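Notes for the structure review
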Amino acid sequence: MPEKAKITSVDALEAFRSNLVVYVSKARPALEEVSSDVMRLRLWLQEDRTDHWQAQVKKRQRVLEQAQQALFSARMSNLNEATSTAQFDVHRAKRALEEAAEKLHKVKAWDKKFESLSSPWLRQMEKLHSVLAHDLPLAAAHLSEMVRLLSDYAELRASGGAAAGAQAPAAEAIVSETSADAPASASNDSSPVIGSG
């Protein structure tokens, strides 16, 4: 004789399904926001900061060349005061150029480091996104169908009689098939609700 399902609480399954739907509705936007933040940071490093400091290097290189030209002219004129001012300008321009070159080097280093640090996390986020977009909605649909079938089964068992007795094995087979078709997460979570009796 086949085992009968002992249904203790279909409401618990329905509550779990509702919580799963709420979780998916909140988790997907949060995950998409994190993904877009990562992309914005990558673009900021690769384009905005890199372009900025490359432009600064060129600009400061021109300022240094102008300061060196002014120093050369001052030395040719034998003006001590102009020469000392021009030397100060050259030193200041060199420091500014070195600073820009160092910043550009750091931005490029951070860009490489960011790629190596973020890639494993991005792969995990892609997997989670796939679960949130496909697996969990499918699990929620299976849970909904299981709730419907179990409710029907419980009504059959409660009504009793010969007709119910004849239909019960068919309902049990449907419940078994649905449980077998459901994703692992759905079938595991339904185990406290359905037991053998």
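Residues numbered from 1 in each chain as written. Predicted model: local features only at pLDDT ≥ 70, side-chain atom pairs only at ≥ 80, totals over all residues. Heavy atoms only, no water.

**Brief notes about the side chain of Thr 50**
Where we set the bar: The way it works is that DSSP assigns letters per residue, a run of H or I at least four long becomes a helix, a run of E at least two long becomes a strand, and they are numbered from the N terminus. Each residue gets one of three labels from its accessible area relative to the maximum for its type: buried under 20%, exposed over 50%, partly exposed in between, using a 1.4 Å probe on protein chains only. The criterion used for residue contact is that any of the two residues' heavy atoms lie within 4.5 Å.
Locating Thr 50 in the fold gives a position in helix H1 (residues 10–77). Overall, Thr 50 belongs to the buried group, its relative accessible area being 10%. Excluding anything up to four places from it in sequence, Thr 50 contacts Leu 45, Leu 104, Val 107 and Lys 108.

**Observations concerning the pattern of salt bridges**
Rules: Here, a salt bridge means any Lys or Arg side-chain nitrogen found within 4 Å of an Asp or Glu carboxyl oxygen.
Enumeration over the complete set of coordinates arrives at 9 salt bridges. We note a salt bridge from Arg 60 to Glu 99, for which the minimum N-O separation is 3.0 Å. Highlighted residues: Arg 60 in helix H1 and Glu 99 in helix H2 (residues 80–159), separated in sequence by 39 residues. Given the relative accessible area of 38%, Glu 99 is considered partly exposed. Look at the salt bridges and you will find they share partners, linking Glu 145, Arg 148 and Asp 152 into a network.

**Overview of the side chain of Ser 118**
So the rule is basically this: Pairing of N or O atoms within 3.5 Å defines a polar contact, subject to two protein rules: one partner must be a possible hydrogen donor and the other a possible acceptor, and residues neighboring in sequence count only if both atoms are side-chain atoms.
Residue placement: Ser 118 occurs in helix H2. Look at Ser 118 and you get buried, because its relative accessible area is 9%. From its side chain, Ser 118 meets the backbone oxygen of Phe 114 in a polar contact 2.7 Å long.

**Re H1**
Our working definition: A helix is expected to span 1.5 Å for every residue after the first. Fitting axes to the seven residues that end at a residue and to the seven that start at it, the angle between those axes gives the bend at that residue.
In this model H1 runs 98 Å from its N-terminal to its C-terminal C-alpha over 68 residues, within 8% of the 100 Å that 1.5 Å per residue would give. Bending of H1 peaks at approximately 40° at the position of Trp 44. Positive backbone phi, at 60°, marks Asn 78, one or two positions downstream of H1.

**Concerning the confidence of the model for the protein chain**
Definition in use: Residue-level confidence of the predictor is what pLDDT reports, using numbers from 0 through 100.
When pLDDT is averaged along the protein chain, the result is 80; 77% of the residues meet or exceed 70. Element-level pLDDT for the protein chain is lowest in strand S2 (residues 194–196), with a mean of 39, against a maximum mean of 91 in H1. Contacts from residues 161–168, a stretch scored under 50 in pLDDT, to residues over four places away or in other chains number 5 contacts.

**A closer look at the packing of aromatic side chains**
Our working definition: Aromatic pairing here means that ring centres of Phe, Tyr or Trp (its six-membered ring) are within 6.5 Å. Orientation follows from the plane angle: under 30 degrees is stacked, over 60 is edge-to-face, and everything else is tilted. As a reminder, the over-ring test applies to NZ of lysine and CZ of arginine, requiring each to be within 6 Å of the ring centre and within 35 degrees of the ring normal.
Across all of its chains, the model carries 0 aromatic pairs by this definition. Seen from the ring of Trp 110, Lys 113 lies directly overhead, with NZ or CZ sitting 5.0 Å from the centre.

**So, the environment of Ser 119**
Residue placement: Ser 119 occurs in helix H2. Overall, Ser 119 belongs to the partly exposed group, its relative accessible area being 22%. A polar contact is formed between the side chain of Ser 119 and the backbone oxygen of Glu 115, at a distance of 2.7 Å.

**Some thoughts on H2**
The end-to-end C-alpha separation of H2 is 112 Å, in line with the 118 Å expected for 80 residues at 1.5 Å each. At Leu 132, H2 shows its strongest bend, of approximately 35°.

**Observations regarding the packing of H1 against H2**
Cut-off, in case you're wondering: Lines fitted to C-alpha atoms define the axes, with helix axes restricted to the stretch in contact, and inter-axis angles between N-to-C directions lie between 0 and 180 degrees. Note on angle classes: values under 35 degrees are labelled roughly parallel, values over 145 roughly antiparallel, values of 65 to 115 roughly perpendicular, and the remainder oblique. For any helix crossing, the convention is left-handed if the near helix is rotated counterclockwise from the far helix by under a right angle, and right-handed if that rotation is clockwise. Three residue categories are used. Nonpolar comprises Ala, Val, Leu, Ile, Met, Phe, Trp, Tyr, Cys and Pro, charged comprises Asp, Glu, Lys and Arg, and polar comprises the others, including Gly.
Running from N to C, H1 and H2 point in directions that differ by 165°, and their axes come no closer than 6 Å. Considering the angle they form, H1 stands roughly antiparallel to H2. Here the hand of the crossing between H1 and H2 comes out left-handed. By residue class, the composition of the contact of H1 with H2 is 44 nonpolar, 13 polar and 15 charged.

**Focus on the nonpolar core**
Rule in force here: Among buried residues, those of type Ala, Val, Leu, Ile, Met, Phe, Trp, Tyr and Cys that are joined through side-chain atoms within 4.5 Å constitute a nonpolar core.
Counting residues in hydrophobic clusters, the biggest one holds 22 residues, and the most contacted among them are Leu 13, Leu 20, Trp 53, Leu 132 and Leu 136. At the level of secondary structure, the elements contributing two or more residues to this core comprise H1 and H2. A total of 13 residues in this core trace back to one element, the largest contributor, which is H2.

**Structural notes on the environment of Val 21**
Considering the arrangement of structural elements, one finds Val 21 in helix H1. Along the primary structure Val 21 and Ala 139 are separated by 118 residues, whereas in three dimensions their C-alpha atoms are 9.6 Å apart.

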